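Residue strings, one per chain:
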Amino acid sequence: MAGTLGCVVVAVDGSDESMNALRWAIDNVRLRSPPDGSLIILHVQSPPSIAVGINPGSIPFGGPSVEVPAFTAAIEAHQGRITEAVLNRALEICAEKNITAKTHVVVGDPKEKICEVVDNLHADLLVMGNRAFGPIKRLFLGSVSKYCSNHASCPVVIVKGETGQAAHSDTAE
């Protein structure tokens, strides 16, 4: 990349594709010297109700609503462990290349939260992997990278493949 960037956000979800995107960013993006330049590793957790895919709701026929705080707490604790593992893996990749990075965790829909964080941080660049779902999965799950390339407030680099090659770069309109 020509010049230097102030804030680069790399979205990671634990997949090999997202870690390859992080490696690509480390190898190809030149940041300003700290504190003016920062590499932000972003992880988005799903809300507990979405992560489980159920909502106990209320008992049918007018019974009292049922809340299962222990269940929700267990899901949140599990997601916390997953997030810690994802971020530790990402920070190990940075440490291998002697790169200092900051981590940022948010809860919500990944497509929307990634774009929101990029906007709030006034990022100069968003780097992310592409899981290359087939057409059926993409129809139901959507493509986070496609959504972000169309809605992020900064240029987006989508890194494809195991070798961490940037397939294309889209600029937000």
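Here the structure is a predicted model, which is why all the values come from computation and not from measurement.

Trainee: How would you sum up the confidence of the model for the protein chain? Please name residues and give values.
Mentor: Per-chain confidence: the protein chain averages 82 in pLDDT, with 73% of residues scoring 70 or above. Within the model, the stretch residues 168–173 combines pLDDT values under 50 with 15 contacts to residues more than four positions away or in other chains.

Trainee: Can you break down helix H4 (residues 110–121) residue by residue, with the values?
Mentor: Its twelve residues place the ends of H4 16 Å apart at the C-alpha level, agreeing with the 16 Å of an ideal helix rising 1.5 Å per residue. Listed in full, the buried residues belonging to H4 are Ile114, Cys115, Val117 and Val118. Axial view of H4: buried residues confined to an arc of 160°, hence all on one face. Those residues of H4 that are buried lie in contact with strand E1 (7–11), strand E2 (38–45), strand E3 (102–107), strand E4 (125–129) and helix H6 (144–151).

Trainee: Quick rundown of unusual backbone geometry? Include the residues and the values.
Mentor: In this model, asparagine 98 sits at a positive phi of 55°, which is unusual for a non-glycine residue. Looking at where asparagine 98 falls in the secondary structure, it is placed in the loop between helix H3 (69–96) and E3. Note on asparagine 98: relative accessible area 72%, which makes it exposed. With a phi close to 55°, histidine 122 is a non-glycine residue in the positive phi region. Note on placement: histidine 122 falls in the loop between H4 and E4.

Trainee: Describe the packing of helix H1 (residues 16–28) against H3, naming the residues involved and giving the relevant values.
Mentor: It is the contact of H1 with H3, at a shortest axis distance of 10 Å, that shows an interaxial angle of 30°. By the angle between their directions, the pair H1 and H3 is classed as roughly parallel. Remark: the crossing between H1 and H3 carries right-handed chirality. Where H1 approaches H3, its residues Asp16, Met19, Leu22, Arg23 and Ile26 are matched on the opposing element by Val86, Arg89, Ala90, Ile93 and Cys94. Residues belonging to the contact of H1 with H3 are distributed by class as follows: seven nonpolar, no polar and three charged.

Trainee: Which residues make up the packing of aromatic side chains, and what values do they have?
Mentor: Inspection of every chain in the model, using the stated rule, returns zero aromatic pairs. Looking at lysine 111, its charged tip hangs above the ring of tyrosine 147, at a distance of 5.9 Å from the centre.

Trainee: Describe in detail H1, supporting the description with residues and values.
Mentor: The end-to-end C-alpha distance of H1, which contains 13 residues, comes to 18 Å, matching closely the 18 Å that a straight helix rising 1.5 Å per residue would cover. Of all the residues in H1, the buried ones are Ser18, Met19, Asn20, Ala21, Leu22, Trp24, Ala25 and Ile26.

Trainee: I'd like a rundown of the pattern of salt bridges, residues and numbers included.
Mentor: One pass over the structure, following the stated rule, counts three salt bridges. A salt bridge links aspartate 27 to lysine 97; the nearest nitrogen and oxygen atoms lie 3.0 Å apart. With aspartate 27 in helix H1 and lysine 97 in the loop between H3 and E3, the pair connects residues that are 70 residues apart, well separated along the chain. Of the charged contacts in the structure, one is a salt bridge between glutamate 116 and lysine 113, with a shortest N-O distance of 3.4 Å. Taken as a pair, glutamate 116 and lysine 113 lie in helix H4 at a separation of three residues, close to a single helical turn. For glutamate 116, a relative accessible area of 38% puts it in the partly exposed group. Assessed through its relative accessible area of 22%, lysine 113 is described here as partly exposed.

Calculation rules
- Residues numbered from 1 in each chain as written.
- Predicted model: local features only at pLDDT ≥ 70, side-chain atom pairs only at ≥ 80, totals over all residues.
- Heavy atoms only, no water.
- pLDDT = per-residue confidence, 0-100.
- Contact = heavy atoms within 4.5 Å.
- Helix = DSSP H or I, 4+ residues; strand = E, 2+ residues; numbered from the N terminus.
- Expected span 1.5 Å × (residues − 1).
- Buried < 20%, exposed > 50% of the residue type's maximum accessible area, 1.4 Å probe, protein only.
- Arc of directions from axis to C-beta.
- Axes fitted to C-alpha atoms, helices over the stretch in contact; angles between N-to-C directions.
- Parallel < 35°, antiparallel > 145°, perpendicular 65-115°, else oblique.
- Left-handed = near helix turned anticlockwise from the far one by under 90°.
- Nonpolar A, V, L, I, M, F, W, Y, C, P; charged D, E, K, R; others polar.
- Phe/Tyr/Trp six-rings, centres within 6.5 Å; stacked < 30°, edge-to-face > 60°.
- Lys NZ or Arg CZ within 6 Å of the ring centre and 35° of its normal.
- Salt bridge = Lys/Arg side-chain N within 4 Å of Asp/Glu carboxyl O.

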